[in-house]
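So the chains spell out like this:
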Amino acid sequence: MKESAAPVLETERLWLKPPEHKDFPPYAAMWALPEVTREISGKPLSEEEAWTRFLRNAGLWPVLGYGYWHVFERDGGAFVGQVGFADFRRALTPPLTGMPEIGWVIAPDHHGKGYASEAARAAVQWGDENFSVDHMCCIIGVNNAPSIRIAEKCGFSFVVKADYHASAINIYRRPVAI
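Engineer: Just to check I follow, could you spell out the overall build of the protein for this structure?
Structural biologist: Helix and strand counts for the protein come out as five helices and eight strands. Each helix and strand of the protein, placed in order from N terminus to C terminus, yields the pattern β-β-α-α-α-β-β-β-α-β-α-β-β. Over its C-alpha atoms the protein spans a radius of gyration of 15 Å, differing by no more than 12% from the 16 Å that the globule rule assigns to 178 residues. Taken along its principal axes, the extent of the C-alpha atoms in the protein is 40 × 35 × 30 Å. When each of the 178 residues of the protein is scored for burial, the buried share is 48%. Expressed as a percentage of contacts within the protein between residues at least 6 apart in sequence, the contacts between residues at least 24 apart total 62%. Here the protein has roughly 8,800 Å² of accessible surface; of this, 52% comes from carbon and sulfur atoms. Positive and negative side-chain charges of the protein, numbering 18 and 21 respectively, have mean locations separated by a distance of 3 Å.

Shown next, in the form of structure tokens:
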């Protein structure tokens, strides 16, 4: 399954749209916050690092046929964060290569509104309708209870604890089209 551009998804309160250049300022501002990166990389991103991540994520769609969406409130259009899939070829056991890996990041001023769950459910539904693989997966820091709850709400089940870049993570999997 390959597409050249991300489709636009709509939920009750959100728009999931392909990345656009104009989205970079709020994207970079989000990734510069310690509370955003605490459970991901452990350090806020510089503008250069955020730009590299931004371009990498935008490039997923034409290469893999899936990738990340930028998430916006339907009411007012505020940038909320990102959600989507990747294959980052992480050096993990068990390997995740070839299995779409979902991830989500919501800006702190939008926490507690259920946006991460709503966006993740929309992405998972899209994956169920479009993936030709058996499973999708996610990795979550062992202490990231909010993201673990979101993964479980979306039907992901714990597989194994692993070490990734000197951090303890949990690997979760979910059958496609359950």
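Engineer: How do you make sense of the state of the cysteines when you look at a structure like this?
Structural biologist: As used here, a disulfide is simply a covalent bond connecting the sulfur atoms of two cysteines. Under the definition given, this model contains zero disulfides. For the unlinked cysteine Cys137, the closest cysteine sulfur is that of Cys138, found at 7.0 Å. Here Cys137 falls in the buried class, since its relative accessible area comes to 0%. Among the residues examined, Cys138 registers a relative accessible area of 1% and is labelled buried.

Engineer: Explain the packing of aromatic side chains to me, please; I cannot follow it from the model alone.
Structural biologist: Geometry of an aromatic ring pair is reported as the spacing of the ring centres plus the angle between the planes. Per the counting criterion, the structure on display carries 14 aromatic pairs. Here Trp69 and Trp126 contribute two aromatic rings whose centre-to-centre distance is 5.4 Å and whose plane-to-plane angle is 80°, an arrangement assigned as edge-to-face. Note that Trp69 is positioned in strand β3 (residues 68-73) and Trp126 in helix α4 (residues 115-130), a separation of 57 residues in sequence. Both residues of the pair, Trp69 and Trp126, belong to the buried class. Grouping aromatic residues by their ring pairs yields a cluster made of Trp61, Tyr66, Trp69, Phe85, Trp126 and Phe131.

Engineer: What's the story with the pairing of strand β6 (residues 135-141) in this structure? I'm lost.
Structural biologist: With six of seven residues buried, β6 lies mostly within the body of the structure. Where β6 and strand β8 (residues 167-175) come together, seven bridges link them in antiparallel fashion. Each residue of the ladder has a partner; that of Ile140, found in β8, is Asn170.

Engineer: Mind showing me how you'd approach the side chain of His70 here?
Structural biologist: Structurally, His70 can be placed in strand β3. His70 gets classed as buried once you look at its relative accessible area, which sits at 2%. Reaching out from His70, the side chain makes a polar contact with the side chain of Asp23 at a distance of 2.9 Å.

Cut-off values and rules
All chains use their own residue numbering, which begins from 1 and follows the written sequence. Only residues with pLDDT of at least 70 are given local features in this predicted model, and only at 80 or more are side-chain atom pairs given and counted; all residues enter the totals for whole chains, interfaces and linings. Hydrogens and water molecules were not included; the side-chain quantities draw on all heavy atoms of the structure. Strands are runs of DSSP state E lasting at least two residues, helices are runs of H or I lasting at least four, and both sets are numbered from the N terminus onward. The size measure is the radius of gyration over C-alpha atoms, and the globule rule it meets is 2.2 Å times the number of residues to the 0.38 power. For each residue, the accessible area found with a 1.4 Å probe, counting protein chains only, is set against the maximum for its type, and the residue is called buried under 20%, exposed over 50%, and partly exposed in between. Residue contacts are counted whenever heavy atoms from the two residues lie within 4.5 Å of one another. Per-residue and other accessible areas follow the Shrake-Rupley method at a 1.4 Å probe size, with only the shown protein chains counted as cover for residues. Charge convention: Lys and Arg are scored as positive, Asp and Glu as negative, and His as well as the terminal groups of each chain are ignored. Here the site of a charge means atom NZ of a Lys, CZ of an Arg, CG of an Asp or CD of a Glu. Cysteine sulfur atoms that come within 2.5 Å of each other are treated as a disulfide pair. Any Phe, Tyr or Trp ring, taking Trp's six-membered ring, that has another such ring centre within 6.5 Å forms a pair; planes under 30 degrees apart are called stacked, those over 60 apart edge-to-face, and the others tilted. When DSSP finds two or more bridges between a pair of strands, those strands are recorded as paired. Here a polar contact means two N or O atoms within 3.5 Å. Within protein one must be a hydrogen donor candidate and the other an acceptor candidate, and residues neighboring in sequence count only if both atoms are side-chain atoms.

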